[in-house]
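Results of the structural survey
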There are 2 protein chains.
Amino acid sequence: MSRQLIIYSPAGIVSAAAPVRRATKRLTALGFEPSVDESALTKHQRFAGDDATRLAAIHRVAQAAPAVALATRGGYGLSRLLDTLDWKLIAQSVEQGTAWVGYSDVTALQLAALAHKATGPAKPGEGVSAGFWAGPMACDDFGRDDSPEGGDDVTQDCFVEAMTGELEAVGFRTDVGFDGLDVVGRLWGGNLAVTQALLGTEHFPNIKNGVLFLEDVNEHPYRIERALLQLHQAGILDKQKAIVLGAFTEYRKSPLDRGYNLKTVIAYLRSLTKTPILTGLPFGHVPVKLSLPLGRQANLVVQGRDAFVMW
Amino acid sequence: MSRQLIIYSPAGIVSAAAPVRRATKRLTALGFEPSVDESALTKHQRFAGDDATRLAAIHRVAQAAPAVALATRGGYGLSRLLDTLDWKLIAQSVEQGTAWVGYSDVTALQLAALAHKATGPAKPGEGVSAGFWAGPMACDDFGRDDSPEGGDDVTQDCFVEAMTGELEAVGFRTDVGFDGLDVVGRLWGGNLAVTQALLGTEHFPNIKNGVLFLEDVNEHPYRIERALLQLHQAGILDKQKAIVLGAFTEYRKSPLDRGYNLKTVIAYLRSLTKTPILTGLPFGHVPVKLSLPLGRQANLVVQGRDAFVMW
């Protein structure tokens, strides 16, 4: 199978070239044939090139239809492109086998692709990685200078297995109260703030009976709650088979919190919806992140505190 | 006319009693007969009492139907009450003449009231202040300890005129390019993040041909842009006669911005919608804030750089 991998920049500026160089080396060592898109290092304000440049980059990657389209990083910028993206071109790349991988702002591209049904024809079977994967990005997960491997080895191993079609399940430790849970539904989600920012627009996928996973960074628990409450009030949470929370990190507590925290937020949300809300998914703005196929039917099973997502 | 005014707490915790005491004194000096709701100083986590307590407070105020229902402060908490609020009771208070005043998190109550048509029958005419007013709050605008008046005098004068029914127009200085603008539409809006968090739910008012005003605090320009872009992609901006931006304050710039700022955000949004986007409205998390009647037909006129909103 093809190991062609293109590193491209759909969103925020890549301020230094070194992480991209390191990622290229590391991805080569992992068995891929990486190349860097010509505008990956372009700079325009806080973006990796102006809107036309980044749109052209995405379309160029789609036309090349590599095995893997790996974003350099997130930031902010994909929301600006959703109204003009050529979803047919994206769908064609998926039909030809491209896996679009990333997280954070890349959630906008991935969920909008599901909304626009740019997912290509379903081709179940071994070895198929085509589609959209919530997973690592080049700079932070393969190009870091604080580890010889440029990133976490669990993250990298999971990514390699996902891209070679070997990965058929992931496991994690959730909290108590879900022993015996066994549901089947489409796997979808990503960054909470980016997911929230699609709500009410034509770019929000209408997925019922799904397994929705969410993560976020730099958001105080009350903002995490407000966004999840909005999804609840919009009817999204009740319509899912399960909600799975990843990592919510790097927020600053307030002296006004007085015992209000992420735990009380989760307890509150559990009081609002009958949909089980699991925690502990290794995904988010943290070194260890799984690769998860978006839009695909998955089976979520919990035994004791051990949760498994199989597809 | 009645000058009865009740200070109540629908959202965040009031951590000290002194600002409420000062506000009571100041509002008395301004000619009101203020009282403090019994649970205004209740504390539960980061909230002014648990959900049941705050819900009861709002309903108690609605039943008392004072001339003015003035929130102590915002914070976060009203979103949690929207699904259980008794909108008929709110509507009855408006029919009896109550003006519900506040900003920030109170935007959730006010816009949801418009969505649920809890606005009472329209009674145009002199002296009528009943309804929902984007305007000051007790602690920050009447209870501050850094001025003898407890807050800004323009803010207080405008509030008094609004509540006595004398205020029929406000003026402000906008930027160039809108000379000759003359539109009529329903006035609505408030805090951007709170407005965004209603989108896609039954609590978001469906207002077409309106004049939408927005403000926010502690939000980086890229987040302001993302929220406004969501309103655009949801079709909201194009449906308005005008967008009027208030104050966007207290955010931290990033070294990655490289020239990206609030001005470039506004220029970008203007390139997306034909709806005029004015700036300069004295409203937001700033000392000087106007009182603006929500849901009411208003005429927005610009002469040179002088903008007037008349109702």
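Anything mentioned here points back to the structure above.
The rules we used
All residue numbers refer to positions counted from 1 along the written sequence of the respective chain. By the order in which they are written, chains take letters starting at A while ligands take numbers starting at 1. In view of the model being predicted, local features appear only for residues whose pLDDT reaches at least 70, and side-chain atom pairs are presented and counted only at 80 or more, with totals across whole chains, interfaces and linings using the full set of residues. Hydrogens are left out, water is left out, and the side-chain values use all remaining heavy atoms of the structure. When checking whether two residues touch, look at their non-hydrogen atoms; a contact exists if any pair is within 4.5 Å. Summed over both partners, buried area is the accessible surface (1.4 Å probe) that two parts give up on being assembled. The salt bridge definition used is simple: a Lys or Arg side-chain nitrogen within 4 Å of an Asp or Glu carboxyl oxygen. For the purposes of these results, a polar contact is taken to be a pair of N or O atoms within 3.5 Å, where, inside protein, one atom must be able to donate a hydrogen and its partner to accept one; residues adjacent in sequence count only when each atom of the pair is a side-chain atom. Only runs of H or I of at least four residues qualify as helices and only runs of E of at least two qualify as strands under DSSP, and these elements are numbered from the N terminus. Only residues with pLDDT of at least 70 in both copies contribute their C-alpha atoms to the least-squares superposition of the copies. In this scheme, a helix's expected span is set at 1.5 Å multiplied by one less than its residue total. Per-residue accessibility, obtained with a 1.4 Å probe over protein chains only, is compared with the maximum for each type, and a residue is labelled buried under 20%, exposed over 50%, and partly exposed between these values. Summarising the geometry, the arc corresponds to the directions from the helix axis toward the C-beta atoms.

1. What to know about the interface of chain B and chain A
Listed by partner, the interface residues are 43 residues for chain B and 43 residues for chain A. Of the roughly 3,500 Å² buried at the junction of chain B and chain A (both faces included), carbon and sulfur atoms supply 51%. Interface area lost by chain B to chain A is led by Arg46, Arg226 and Gln233 of chain B, which between them contribute 19%. At the surface where chain B touches chain A, the tally comes to six salt bridges. Of the charged contacts, one joins Glu219 of chain B and Arg223 of chain A as a salt bridge, the two residues approaching to 2.8 Å between their closest N and O atoms. Between chain B and chain A we count 16 residue pairs in polar contact (both at pLDDT 80 or more) in total. Every element with two or more residues in the side of chain B that touches chain A is listed here: helix H7 (192–196), helix H8 (221–233) and helix H9 (262–272) of chain B. Tallying contributions element by element places H8 of chain B first for the side of chain B that touches chain A, with eight residues.

2. Some thoughts on the relation of the copies chain B and chain A
Superposition of the two copies of the chain requires a rotation about an axis together with a shift along that axis. At an RMSD of 0.0 Å, chain B and chain A line up after a rotation of 180 degrees and a shift of 0.0 Å along the axis. Expressed as a symmetry operation, the mapping of one chain copy onto the other fits a two-fold axis. When C-alpha positions in chain B are compared against the rotation axis, the closest is assigned to Gly200 of chain B, at 2.3 Å. When the interface residues of chain B are mapped onto chain A, 100% of them again fall at the interface, so both copies present the same face.

3. Concerning helix H1 (residues 18–29) of chain A
Each turn of an α-helix holds 3.6 residues, which means side chains three or four residues apart point in the same direction. Residue and element names in this part refer to chain A. The terminal C-alpha atoms of H1, which comprises twelve residues, lie 17 Å apart, in line with the 16 Å expected from a rise of 1.5 Å per residue. If you check which residues of H1 are buried, you get Pro19, Val20, Ala23, Thr24 and Leu27. Along H1, the residues classed as buried sweep out an arc of 140 degrees about the axis, all on the same side. For H1, exposure combined with an orientation more than 90 degrees from the buried face picks out Arg21, Lys25 and Ala29. Close packing links the buried residues of H1 with strand E1 (4–8), strand E2 (33–36), strand E3 (68–71), helix H5 (138–142) and helix H6 (153–163).

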